[in-house]
Amino acid sequence: MKILVTGGSGYIGSILIQKLLAAEHEVHVVDRFFFGETLEDNPRLKKIRADCRNLGSDLFSGIDAVIDLVAISNDPSGETFETATYQINHQSRANTAKLAKENGVKRYILPSSCSIYGFQKEGLIADENSATNPLTTYAKANEMAEQSIIPLADKDFCVTVLRQATVYGYSPRMRFDLAINGMTYGAWKERKLPLMRDGKQWRPMIHVKDTSDAMIFMLEQDPVDINGEIFNSGSEANCYQIGNLAEKIAKVVGEDVEIEWYGDTDIRSYNVSFKKIKDLGFDAQYTAEDGALEILDKLESGQLDKTIKTITLDWYVELTEWHKKIKDLELNNSMINIQ
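Conventions used here
- For every chain, the first residue of its written sequence is number 1, and the numbers climb from 1 along that sequence.
- Owing to the predicted nature of the model, reporting of local features is limited to residues with pLDDT of at least 70; listing and counting of side-chain atom pairs is limited to 80 or more, with chain, interface and lining totals taken over all residues.
- Heavy atoms throughout the structure, all of them, feed into the side-chain values; hydrogens and water do not.
- Helix numbering and strand numbering both begin at the N terminus, where a helix is a DSSP run of H or I of at least 4 residues and a strand a DSSP run of E of at least 2.
- We compute the radius of gyration over the C-alpha atoms and compare it with the globule rule, which gives 2.2 Å times the number of residues raised to the power 0.38.
- Relative accessibility decides the category of a residue: with a 1.4 Å probe and only protein chains considered, values under 20% of the type maximum give buried, values over 50% give exposed, and everything between is partly exposed.
- We call two residues contacting when some pair of their heavy atoms lies within 4.5 Å.
- Residues scored as charged are limited to Lys and Arg (positive) and Asp and Glu (negative), so that His and the chain ends carry no count.
- Taken as the charge location is NZ of Lys, CZ of Arg, CG of Asp or CD of Glu.
- In this description, a nonpolar core means a group of buried Ala, Val, Leu, Ile, Met, Phe, Trp, Tyr and Cys residues linked to one another through side-chain atoms lying within 4.5 Å.
- Whenever a nitrogen or oxygen atom comes within 3.5 Å of another N or O atom, the pair is scored as a polar contact, on the condition that within protein one atom can donate a hydrogen and the other can accept it, and that pairs from neighbouring residues in sequence are kept only if both atoms are in side chains.
- Side-chain rings of Phe, Tyr and Trp, where Trp is taken by its six-membered ring, are said to pair if the distance between their centres is within 6.5 Å; with planes under 30 degrees apart they count as stacked, over 60 as edge-to-face, and otherwise as tilted.
- Each ring is checked for a lysine NZ or an arginine CZ that lies within 6 Å of its centre and within 35 degrees of its normal; such an atom marks a charge sitting over the ring.
- Should DSSP find at least two bridges between two strands, the strands are taken to pair.
- Any carboxyl oxygen of Asp or Glu that lies within 4 Å of a side-chain nitrogen of Lys or Arg is treated as forming a salt bridge with it.

## Concerning the overall build of the protein chain
- Counting its secondary structure elements, the protein chain contains 11 helices and 14 strands.
- Relative to a compact globule of 339 residues, whose C-alpha radius of gyration would be 20 Å, the protein chain shows 20 Å and is just as compact.
- Considering the protein chain as a whole, with its 339 residues, one finds that 52% of them fall into the buried category.
- A separation threshold of at least 6 residues defines the contact pool for the protein chain, and within that pool the share at least 24 residues apart is 79%.
- In the protein chain, the 38 positive side-chain charges and the 51 negative ones have mean positions that sit 3 Å from each other.

In structure tokens form, the structure reads like this:
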């Protein structure tokens, strides 16, 4: 297939593109490349530097499927860049889906988020029919994208929504602002793992390789089974209570790692059912321990470290400050050298 992936050089995209190319697809990546170049050159890979808010119809010519990964990708960034989050996570993806349909693309996958369930009552396990309760700009924008895009589905345009659990694991575009990744780094660097009381709160997780495989899995399904459908993307084995998760991470990193409890009891909790996607034939292959082990190996070998680029919000703020300084100092579109 010829597949267009927006945001394809990001944390998930850097893994997904590798897998798509390994499966012998032709891939067109649209990205701003804010975090640098993470994709190795390949004769079946075309890199397009563009903003998803300004895409033209020409990009969709001959495309068989779109995976619309682009997003301001976490709650802190969403709150700091609220307007941009609605523009990118909702409006641009709604427009991309519309352009894809108008230009004869047959399949469209929207990677959304389980965060739209918000925090649920104790004992409730949310499935795809459960009421949503988005609490943040990031979650609200994802839900709005779903609501705008699902109605586009018809016999000629297969739309599938994947509500992803919180992602973890190593990626060339590494992120340490994700729960398991951050826990692993903190335990390795400080030998301590700070944890908000009382550790009973639930969180669903999914390895970055598994969520990439779930998208590829959907490309291969009969549209009859997935068109206009929402699937929670994750697995029962990857639903963790935070206290138990911290113990698993600490055990992987070393016996000397201590869990330090702080604050009042965190009542924010949500558990999610992944029965629907499992019944279709998909199940995750990786666990939190697998993710922690691969990150630990990269850290100990010196191949990986925590930098400003590995914290999404910090890097966006840094870019914004650079942009302002340059705009304030430049004259006639130049700096030191006059053009």
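## Here we look at the nonpolar core
- Counting residues in hydrophobic clusters, the biggest one holds 49 residues, and the most contacted among them are V5, I17, L20 and I67.
- Of all the secondary-structure elements, those providing two or more residues to this core are β1 (2–6), α1 (13–22), β2 (26–31), β4 (65–68), β7 (158–164), α6 (208–219) and α10 (288–301).
- Counting residues per element, this core draws most heavily on α6, at seven residues.
- One finds F60, A94, V159 and I230 within the second-largest nonpolar core, a separate group that totals 22 residues.

## A look at α1
- Most of α1 sits inside the fold, with seven of its 10 residues counted as buried.
- Every buried residue of α1 is listed here: G13, S14, I15, L16, I17, L20 and L21.
- The inward-facing, buried residues of α1 abut β1, β2, β3 (45–49), β4 and α6.

## Considerations on the side chain of S171
- Along the chain, S171 turns up in the loop between β8 (166–168) and α5 (179–190).
- Exposure remark for S171: the relative accessible area of 0% places this residue in the buried category.
- Here the side chain of S171 touches Y11 through a polar contact of 2.8 Å, landing on its backbone oxygen.
- If we ignore the near neighbours within four places in the chain, the residues touching S171 are G10, Y11, S14 and I15.

## Looking at the packing of aromatic side chains
- In the structure shown here, the tally under the stated rule is nine aromatic pairs.
- With 5.0 Å between their ring centres and 50° between their planes, F176 and Y185 make a pair best called tilted.
- On the accessibility criterion, Y185 (10% relative accessible area) is buried.
- The ring centre of F35 lies 3.6 Å from the NZ or CZ of R173, which sits over that ring.
- It is K276 that lies over the ring of F231; its NZ or CZ is 4.7 Å from the centre.

## Focus on the pairing of β7
- Counting buried positions along β7 gives seven out of seven residues, so the element sits mostly inside the fold.
- What you see with β7 is no split at all: C158, T160, L162 and Q164 on one side and V159, V161 and R163 on the other are buried throughout.
- Note that strand β5 (residues 107–113) and β7 share seven bridges and pair parallel. Each bridged residue has a counterpart across the sheet, and for Y108 the counterpart in β7 is V159.
- With five bridges connecting them, β7 and strand β11 (residues 229–233) associate as parallel partners. Counterpart to R163 in the pairing with β11 is N232.

## Quick word on the pattern of salt bridges
- Taken as a whole, this structure holds 19 salt bridges when the rule is applied.
- For K2, the salt bridge is made with E26, and the minimal N-O distance between the two is 4.0 Å. On the criterion of sequence distance, the pair formed by K2 in strand β1 and E26 in strand β2 is long-range, its members being 24 residues apart.
- Using a relative accessible area of 22% as the deciding quantity, one classes K2 as partly exposed.
- The partner of E289 in a salt bridge is K248, and the shortest N-O contact between them spans 3.5 Å. Highlighted residues: E289 in helix α10 and K248 in helix α8 (residues 242–253), separated in sequence by 41 residues.
- Classification of E289 by relative accessible area gives partly exposed; the value is 25%.
- Three or more residues joined by partner-sharing salt bridges are found here, namely R32, D51 and R53.

This is a description of form; function is not addressed.
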